[in-house]
Amino acid sequence: MIPSVKLRKIISKNHKINLDAFSWNKEFNNNIFKITFYDGRTKTSLKKIFENGYNIGNCLLTSYYVINAIENAYICTGKVEILKGTKNSKDGDHVWIENDSYIIDTTLMICIPKYNVYSRFYKKDSIIVPSFSTSELNYLDEYYSKENYPSDYYIDLFKTDSYEN
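None of these values were measured; they are calculated from a predicted model.

Caption draft 1: Representation of the overall build of the protein chain. Counting secondary structure elements, the protein chain contains five helices and seven strands. Mapped from its N terminus to its C terminus, the protein chain presents α and β elements in the order α-α-β-β-α-α-β-β-β-β-β-α. A buried classification covers 45% of the 165 residues belonging to the protein chain. Within the protein chain, contacts between residues separated by at least 24 positions form 63% of all contacts whose residues are at least 6 apart in sequence. Surface accessibility of the protein chain: about 9,200 Å² in total, with carbon and sulfur atoms responsible for 46%.

Caption draft 2: Highlighting the nonpolar core. If you look at the biggest cluster of nonpolar residues, it comprises 25 residues, and the most contacted ones within it are Trp24, Phe28, Ile32, Leu46, Phe50 and Val66. Among the secondary structure elements, those contributing two or more residues to this core are helix H2 (26-33), helix H3 (46-51), helix H4 (59-66) and strand E4 (93-98). Per-element tally for this core: the top contributor is H4, with five residues. What Val66 contacts, discounting residues up to four positions off in sequence, is Phe28, Ile32, Ile35, Leu46, Phe50, Ile97 and Thr106. Counting 18 residues, the second-largest nonpolar core is a separate cluster that includes Ile11, Ile56, Ile103 and Tyr122.

Caption draft 3: Highlighting the packing of aromatic side chains. What the rule picks out here adds up to six aromatic pairs. Considering the side-chain rings of Phe22 and Tyr118, the 5.4 Å spacing of their centres and the 75° angle between planes classify their relative orientation as edge-to-face. Of this pair, Phe22 sits in the loop between helix H1 (3-15) and H2 while Tyr118 sits in the loop between strand E6 (110-113) and strand E7 (122-128); the two residues are 96 residues apart in sequence, bridging distant segments of the chain. When its relative accessible area of 12% is taken as the criterion, Phe22 is described as buried.

Caption draft 4: Here's a closer look at H2. Along H2, the positions that sit buried rather than exposed are Phe28, Asn29, Ile32 and Phe33. Buried residues of H2, seen end-on, are gathered within an arc of 130° and therefore sit on one face of the element. In H2, the exposed residues that point more than 90 degrees away from the buried face are Lys26 and Glu27. Looking at the buried residues of H2, the elements they touch are strand E2 (43-45), H3, H4, strand E5 (102-105) and E6.

Caption draft 5: Focus on the sheet that holds E5. Spatially, five strands are ordered E6-E5-E4-E3-E7 in an open sheet, and the strand pairing comes out antiparallel. Each edge of the sheet is formed by a strand with only one pairing partner; in this case those strands are E6 and E7. Direction aside, neighbouring strands of the sheet carry axes that sit 35° apart on average. With six bridges joining them, strand E3 (residues 74-80) and E7 adopt antiparallel strand pairing. Bridging across to E7, Thr77 finds its partner in Ser126.

Criteria and thresholds
Residues numbered from 1 in each chain as written. Predicted model: local features only at pLDDT ≥ 70, side-chain atom pairs only at ≥ 80, totals over all residues. Heavy atoms only, no water. Helix = DSSP H or I, 4+ residues; strand = E, 2+ residues; numbered from the N terminus. Buried < 20%, exposed > 50% of the residue type's maximum accessible area, 1.4 Å probe, protein only. Contact = heavy atoms within 4.5 Å. Areas by Shrake-Rupley, 256 points an atom, 1.4 Å probe, with all protein chains shown as cover. Core = buried A, V, L, I, M, F, W, Y, C linked by side-chain atoms within 4.5 Å. Phe/Tyr/Trp six-rings, centres within 6.5 Å; stacked < 30°, edge-to-face > 60°. Arc of directions from axis to C-beta. Pairing = 2+ DSSP bridges. Axes fitted to C-alpha atoms, helices over the stretch in contact; angles between N-to-C directions.

Read these as geometric descriptors, not functional statements.
Written as structure tokens, this is what we have:
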């Protein structure tokens, strides 16, 4: 099971909500997973990033990649109540994508209609306008660390306490 799906189920259970009802449909999911990027060292697909859970804790970077597949979309920053207390969002700080109709969350892999009651969990503080293309982005630090320094790599996606040596 993809780590985002596991996280979505944990959050759903903890908050007594059903986030699975908003999971990315198959067509959208396939379009996102087809996105690839090359940083000069390696060609990587978003499919590999999501399957390994590297999107979790890297919401800004994955939003920059995913936004290219969504028309009339923009990146938002703010607080997400249901993410408070998670390892990578202790205070609920988060980045997501919006368009006229949906909130698109690259961490939980969900699209929530803006008119839906669950949209209240997302409190927008600001909008980010990308000033560079995705070809200029480096790939995720977690991915690089695991691939190049496996003995030093540590990730526990759902831990709420920080890791200390």
